Amino acid sequence: MNPALVELSTPHRRVRMFRAGEEVDCFVVLTRRYAVVVDTFGTPEEAAQVMEAARADLEGRQLLVINTHQHYDHAWGNAVFALDGPYPASILAHEKGLAAARASTGKLATKQAQEARFANVRIAQPTLTFNEQFQIHGGDLSLELIPAPGHAEDQVVMWIPEIKTLLAADALEFPFPEVEVPDQLSVLLQTIQTLKALGATTILPCHGGRRGPELISRNLGYFATLERHLQHTKPQLPEGWEAREDLPQLVGLPFEGIVSEMGLNPAQVPDLYREFHRINVRATLMNL
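Cut-offs and rules
Residues numbered from 1 in each chain as written. Predicted model: local features only at pLDDT ≥ 70, side-chain atom pairs only at ≥ 80, totals over all residues. Heavy atoms only, no water. Pairing = 2+ DSSP bridges. Helix = DSSP H or I, 4+ residues; strand = E, 2+ residues; numbered from the N terminus. Axes fitted to C-alpha atoms, helices over the stretch in contact; angles between N-to-C directions. Buried < 20%, exposed > 50% of the residue type's maximum accessible area, 1.4 Å probe, protein only. Core = buried A, V, L, I, M, F, W, Y, C linked by side-chain atoms within 4.5 Å. Contact = heavy atoms within 4.5 Å. Parallel < 35°, antiparallel > 145°, perpendicular 65-115°, else oblique. Left-handed = near helix turned anticlockwise from the far one by under 90°. Nonpolar A, V, L, I, M, F, W, Y, C, P; charged D, E, K, R; others polar.

Colleague: Could you give an account of the sheet that holds strand S9 (residues 142-147), naming the residues involved and the relevant values?
Modeller: Strands sit in the order S8-S9-S10-S11-S12 across an open sheet of five strands; the sheet is mixed. In this open sheet, the two strands that pair with only one neighbour each are strand S8 (134-137) and strand S12 (202-205). Direction aside, the axes of adjacent strands within the sheet are offset by 20° on average. For S8 and S9, the ladder comprises four bridges, and the chain directions are antiparallel. Counterpart to Phe134 in the pairing with S9 is Leu145.

Quick look at the structure:
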């Protein structure tokens, strides 16, 4: 069963925010010229629900789609916007997203075997790609697409300077993002510093809800805490530590403790962040 979609409020009427359960937040950004869908959820059914909710906003505007990256929860609703879909539109993504989309077919087969809600998913690849920064001139708002690797090699974010709003994809998250590949940790940290320099007053990540600039300080502070604590730990670790499920506890950084230090109740943080924390601890150790 697909998660129930709800619309959440944002500070700006031109940015509509939709949530699929605890899975992901996606957006529809409205300029004078364009209706821009930013990420398409994990299934075509979810993407179609968003388009039905935004139907009145489409009149007089050209429809565009942005994939911030090709992870399933961000791009598996793409088929709704394919040439033979109900809402055909150009699908923009970083050029590295093409390879990522092709590589996702194996994961799709696994997901379809595990959950019936993915039965109608088919991989629809991006139709327009770019490498460096890309700008959409909306007539009243300019939408700047900025490469933001670290969490995913093909990730981009959207910066709207006129309203100082950053759609941060998974480069920033509440309480913290995940670095999937250990050697990308420094890349992720550089991405966060780049986003900090934009001076956003509103940050809308795809996980964690509407936030302010304090989210950047929180995310940087989390990784700084890991590095500071782990600096002298690696030589003392037993063989095979990389694969240990209890790695955070082993090095004295249990999830409950780190989240509590951030002023949060561990019971109210989604469970996937336990695994994110283990992955981030491993990545930090491997980069020391």
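Now that the structure has been shown, the text picks up again.
Colleague: Break down unusual backbone geometry for me, citing the residues and quoting the values.
Modeller: Cis geometry marks the peptide bond from Phe174 to Pro175, where omega comes out at 15°. For Pro175, the position within the fold is in the loop between strand S11 (165-169) and helix H6 (185-196). Positive phi, normally seen in glycine, also occurs at Asp39, with a value near 75°. Relative to the helices and strands, Asp39 resides in the loop between strand S4 (34-38) and helix H1 (44-53). You can call Asp39 buried: its relative accessible area is 1%. Despite not being glycine, Phe41 shows a phi value in the positive range, around 65°. As for its position among the elements, Phe41 is in the loop between S4 and H1.

Colleague: Before we move on, can you summarise the nonpolar core with the specific residues and values?
Modeller: Grouped burial of nonpolar side chains is what soluble globular proteins tend to show. One finds Val29, Val36, Leu63, Phe81, Met158, Ile160 and Leu167 to be the most contacted residues of the largest nonpolar core, which totals 44 residues. Taken together, the elements giving at least two residues each to this core come down to strand S2 (15-20), strand S3 (24-30), S4, H1, strand S5 (62-66), strand S6 (90-94), S9 and strand S10 (156-160). Counting residues per element, this core draws most heavily on S3, at six residues. Counting residues in each nonpolar core, the second largest holds 41 residues, with Phe174, Phe176, Ile216 and Phe255 among its members.

Colleague: Explain the sheet that holds S2 residue by residue, including any values.
Modeller: If you walk across this open sheet you meet the seven strands as S1-S2-S3-S4-S5-S6-S7, and the pairing is mixed. Each end of this open sheet is capped by a strand with a single partner; those strands are strand S1 (5-8) and strand S7 (128-130). Sheet twist, expressed as the mean angle between neighbouring strand axes with direction ignored, is 25°. Note: S2 against S3, six bridges, orientation antiparallel. What sits directly across from Arg16, in S3, is Val28. With respect to the sheet, H1 is in contact with S1, S2, S3, S4 and S5, its orientation differing from that of S2 by roughly 145°.

Colleague: Describe the packing of helix H7 (residues 214-230) against helix H10 (residues 272-286), naming the residues involved and giving the relevant values.
Modeller: With their axes 10 Å apart at the nearest point, H7 and H10 run at an angle of 55° to one another. By the angle class used here, H7 and H10 are oblique. Between H7 and H10 the crossing geometry is right-handed. For the pair H7 and H10, the contacting residues are Tyr222, Phe223, Leu226, Glu227 and Leu230 in the first and His277, Asn280, Val281, Thr284 and Leu285 in the second. Of the residues belonging to the contact of H7 with H10, the class tally is six nonpolar, three polar and one charged.

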